[in-house]
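Chain by chain, the residues:
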Amino acid sequence: SLLGSPKRPSFRCTPMAVAPTAAGAAAGGAIVGDCMAGEGVAPLPTGIADADPAVLAYARWLADAMAAREKREATLSREIAAVREAATVGAAALVELRTAVQNQLESIGRQISRLQRDLDTTQKEWQT
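If you're wondering where the values come from, they're calculated on a predicted model, not measured in any experiment. (Residues numbered from 1 in each chain as written. Predicted model: local features only at pLDDT ≥ 70, side-chain atom pairs only at ≥ 80, totals over all residues. Heavy atoms only, no water.)

**Q** Teacher, can you tell me more about the overall build of the protein chain here?
**A** If you tally the helices and strands in the protein chain, you get two helices and zero strands. Buried positions account for 9% of the 128 residues belonging to the protein chain. By sequence separation, contacts in the protein chain at least 24 residues apart represent 44% of the contacts at least 6 residues apart. When the accessible surface of the protein chain is totalled, it reaches about 10300 Å², and 62% of it is carbon and sulfur. (Helix = DSSP H or I, 4+ residues; strand = E, 2+ residues; numbered from the N terminus. Buried < 20%, exposed > 50% of the residue type's maximum accessible area, 1.4 Å probe, protein only. Contact = heavy atoms within 4.5 Å. Areas by Shrake-Rupley, 256 points an atom, 1.4 Å probe, with all protein chains shown as cover.)

**Q** What is the right way to look at the pattern of salt bridges in this model?
**A** Two side chains bearing opposite charge may form a pair once their charged atoms approach each other closely. Summed over the entire model, instances satisfying the criterion amount to two salt bridges. Put simply, R69 and E73 hold a salt bridge, and the shortest N to O gap is 3.0 Å. You can see R69 and its partner E73 sitting in helix α2 (residues 53-127), four residues apart, about one turn around the helix. We note a salt bridge from R114 to D118, for which the minimum N-O separation is 3.5 Å. Here R114 pairs with D118, and both are found in helix α2, just four residues apart, close to one helical turn. (Salt bridge = Lys/Arg side-chain N within 4 Å of Asp/Glu carboxyl O.)

**Q** Even after reading the chapter, I still don't get α2, so can you show me in this structure?
**A** The α-helix winds at 3.6 residues per turn, so residues separated by three or four positions along the chain end up facing the same way. With 75 residues, α2 extends 107 Å from end C-alpha to end C-alpha; this agrees with the ideal 111 Å at 1.5 Å per step. Three or more residues of α2 are buried, namely L56, A57, R60 and D64. Backbone nitrogen of A54 and a side-chain oxygen of the N-cap are separated by 3.1 Å at the start of α2; the cap is D52. (Expected span 1.5 Å × (residues − 1). Polar contact = N/O pair within 3.5 Å; in protein donor to acceptor, adjacent residues only side chain to side chain.)

**Q** Explain the confidence of the model for the protein chain to me, please; I cannot follow it from the model alone.
**A** Detailed reading of the predicted coordinates is not advisable wherever pLDDT is low. Residue-level pLDDT values for the protein chain average 76, and 61% of them are 70 or greater. Here residues 1-39 is a poorly scored stretch, pLDDT under 50, and it has 54 contacts once near neighbours within four places are set aside; other chains count. (pLDDT = per-residue confidence, 0-100.)

**Q** Looking at this structure, I do not really get a nonpolar patch on the surface. What am I missing?
**A** Nonpolar side chains collect at one region of the surface, where L94, L97, V101 and L105 lie side by side and expose about 390 Å² of accessible area between them. Locating L94 in the fold gives a position in helix α2. (Patch = residues over 30% accessible without salt bridge, like charges linked within 9 Å, V, L, I, M, F, W, Y side chains within 5 Å.)

Set out below in structure tokens:
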């Protein structure tokens, strides 16, 4: 749910194919790697291999969450455009239907008037 509380996704990390530095080893750099979440892996900036694995995982999650949001926004924009187009077509059909019904109502009114005149004429003939 978009309005619910955010959940922290689980990550699967594979070891990096680089030799760990002293700072990187202290921060777990040897096991920080290509963390995958969501629909794909967004590239992380170079030079952060020595960062804390939790920070890297959060950065990956944030990048993936932003990419997913942009994708959802694009999808919703297309759906809104389709609904607007359908509403326009529906409105045009409604105007056309209204015109056809109006013509039918006018025709029925003329027929009722003609039948009323015929009935009046018939009644006068019977009275005479």
